[in-house]
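Residue strings, one per chain:
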Amino acid sequence: DAGVIQSPRHEVTEMGQEVTLRCKPISGHDYLFWYRQTMMRGLELLIYFNNNVPIDDSGMPEDRFSAKMPNASFSTLKIQPSEPRDSAVYFCASSLALRALSYGYTFGSGTRLTVV
Amino acid sequence: DAKTTQPPSMDCAEGRAANLPCNHSTISGNEYVYWYRQIHSQGPQYIIHGLKNNETNEMASLIITEDRKSSTLILPHATLRDTAVYYCIVSSGNTPLVFGKGTRLSVIA
């Protein structure tokens with residue numbers, strides 16, 4: 001398996017534009033997580049899905065953020081409209097289970113978003 | 001989930017053992033200790049986990065004290081490629097993993 005695949009690797013956009021980040025989890029993993037990492041706040045959980053269903057989105061900072069998982073092999077994180085404070089590295093991770101013993105969460109390489 | 005305390009940074013000479021401490025004095029009986037690391041510009045990577053017993057795998061060893069209030073991750077022969085931020089996480093598995101600030105390990109040639 002190629003691991004968790006995120007696209008794009010880098011995104012630069014202007015304030016006010018819509019941004020869509022994409023993630024392909026590992027096949028067979030039932031859980032998918034979106035994290036955001038900044039210098040100030042570290043690695044924060046935004047939302048997670050179980051079997052394509054959103055379970056907890058309490059980490060989503062504002063209504064400008066939305067996430068979907070239309071099927072087991074694809075998820076998106078959308079920001080509309082984007083703001084400079086959204087600049088961060090966004091990671092997608094997947095796992096067989098929430099506890100993830102013996103194998104852990106597998107993270108993608110991240111998308112570095114810069115909003116100017 | 002219980003909180004953890006880690007030193008912000010540590011240095012280790014290449015080839016020597018790196019011992020990374022973690023305090024988790026409020027850990028509950030059903031909570032596991034997990035270690036992840038994040039190499040610059042990459043996503044976090046699972047290293048090892050444990051409940052009560054010491055654990056070893058191809059990457060590292062995990063030593064958990066008998067009272068489970070602290071643990072130590074040991075990289076037996078650190079290399080320059082082990083330079084990374086190491087996260088100690090305590091979790092019951094009922095909620096997703098929450099990452100703290102971790103320890104920035106610098107392996108020095």
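Residues numbered from 1 in each chain as written. Chains lettered and ligands numbered in written order. Predicted model: local features only at pLDDT ≥ 70, side-chain atom pairs only at ≥ 80, totals over all residues. Heavy atoms only, no water.

(A) The state of the cysteines, seen in detail. By the definition in use, this model includes two disulfides over all chains. Residue A:C23 pairs covalently with A:C92 via a disulfide, S to S 1.9 Å. The sign of the S-S torsion, about -65°, decides the handedness of the disulfide formed by A:C23 and A:C92: left-handed. With A:C23 in strand β3 (residues 19-24) and A:C92 in strand β9 (residues 88-95), the pair connects residues that are 69 residues apart, well separated along the chain. A relative accessible area of 1% means that A:C23 is categorised as buried. The disulfide partner of B:C22 is B:C88, and the S-S distance across this bridge is 2.1 Å. Disulfide B:C22 to B:C88: torsion about the S-S bond roughly -80°, handedness left-handed. Of this pair, B:C22 sits in strand β2 (residues 18-23) while B:C88 sits in strand β8 (residues 84-91); the two residues are 66 residues apart in sequence, bridging distant segments of the chain. For the pair B:C22 and B:C88, a shared accessibility class is recorded, and that class is buried. The thiol sulfur of B:C12 is not disulfide-bonded, and the nearest other cysteine sulfur, from B:C22, lies at 18 Å. (Disulfide = S-S within 2.5 Å. Helix = DSSP H or I, 4+ residues; strand = E, 2+ residues; numbered from the N terminus. Buried < 20%, exposed > 50% of the residue type's maximum accessible area, 1.4 Å probe, protein only.)

(B) A look at the interface of chain B and chain A. Every contact between the two is made by 20 residues of chain B and, on the other side, 20 residues of chain A. Together, B:P44, B:P96 and B:F99 form the three largest contributors to the area buried by chain B at its contact with chain A, with a combined 29%. Between the two partners, chain B and chain A, sit zero salt bridges. Remark: the boundary between chain B and chain A carries seven residue pairs in polar contact (both at pLDDT 80 or more). (Contact = heavy atoms within 4.5 Å. Buried area = accessible area lost by both parts, 1.4 Å probe. Salt bridge = Lys/Arg side-chain N within 4 Å of Asp/Glu carboxyl O. Polar contact = N/O pair within 3.5 Å; in protein donor to acceptor, adjacent residues only side chain to side chain.)

(C) How the structure looks around the sheet that holds strand β8 (residues 74-79) of chain A. Residue and element names in this part refer to chain A. Taken in spatial order, the four strands line up as β1-β3-β8-β7 in an open sheet, and their pairing is antiparallel. Edge positions in the sheet fall to β1 (5-7) and β7 (65-71), since each of these pairs with one other strand and no more. If you compare each strand with its neighbour and ignore which way they point, the axes differ by 15° on average. The sheet contact formed by β3 and β8 spans five bridges and is antiparallel. Pairing of R22 across the sheet is with T76, part of β8. (Pairing = 2+ DSSP bridges. Axes fitted to C-alpha atoms, helices over the stretch in contact; angles between N-to-C directions.)

(D) Molecular detail of the packing of aromatic side chains. Inspection of every chain in the model, using the stated rule, returns 13 aromatic pairs over all chains. Plain terms: the ring middles of A:F33 and A:Y35 are 6.4 Å apart, the flat faces sit at 40° to each other, and that makes the pair tilted. The exposure classification of A:F33 matches that of A:Y35, with both residues buried. Consider the rings of A:F107 and B:F99, whose centres lie 5.8 Å apart with planes at 85°: the pair is edge-to-face. Residue A:F107 is found in strand β10 (residues 106-107), and its partner B:F99 is found in the loop between β8 and β9 (103-108); the two belong to separate chains. Each member of the pair A:F107 and B:F99 is classed as buried. (Phe/Tyr/Trp six-rings, centres within 6.5 Å; stacked < 30°, edge-to-face > 60°.)

(E) Summary view of unusual backbone geometry. A cis amide bond, omega -10°, links A:S7 with the succeeding residue A:P8. Relative to the helices and strands, A:P8 is located in the loop between β1 and β2 (10-13). Note that the residue after A:Q80, namely A:P81, is joined by a cis bond; omega there is -5°. Mapped onto the elements, A:P81 comes out in the loop between β8 and β9. Not every positive phi belongs to a glycine, and A:N52 is a case in point at roughly 75°. Along the polypeptide, A:N52 turns up in the loop between β5 (42-50) and β6 (53-56). In this structure, B:S41 is a non-glycine residue whose phi angle is positive, near 70°. Examined against the element boundaries, B:S41 turns out to sit in the loop between β3 (32-38) and β4 (45-50).

(F) Representation of the environment of A:G110 within the structure. Mapped onto the fold, A:G110 is located in the loop between β10 and β11 (111-115). Along the chain, A:G110 and A:R22 lie 88 residues apart, while their C-alpha atoms are 9.9 Å from each other.

(G) A look at the sheet that holds strand β1 (residues 9-13) of chain B. Residues and elements named next belong to chain B. Pairing is mixed in the open sheet, where five strands are placed in the order β1-β9-β8-β3-β4. For this open sheet the edge positions go to β1 and β4, each flanked by a neighbour on one side alone. On average, adjacent strands in this sheet sit at an angle of 25° to one another, irrespective of strand direction. As paired elements, β1 and β9 share five bridges and run parallel to each other. Looking at β9, one finds that D11 is bridged to S106.

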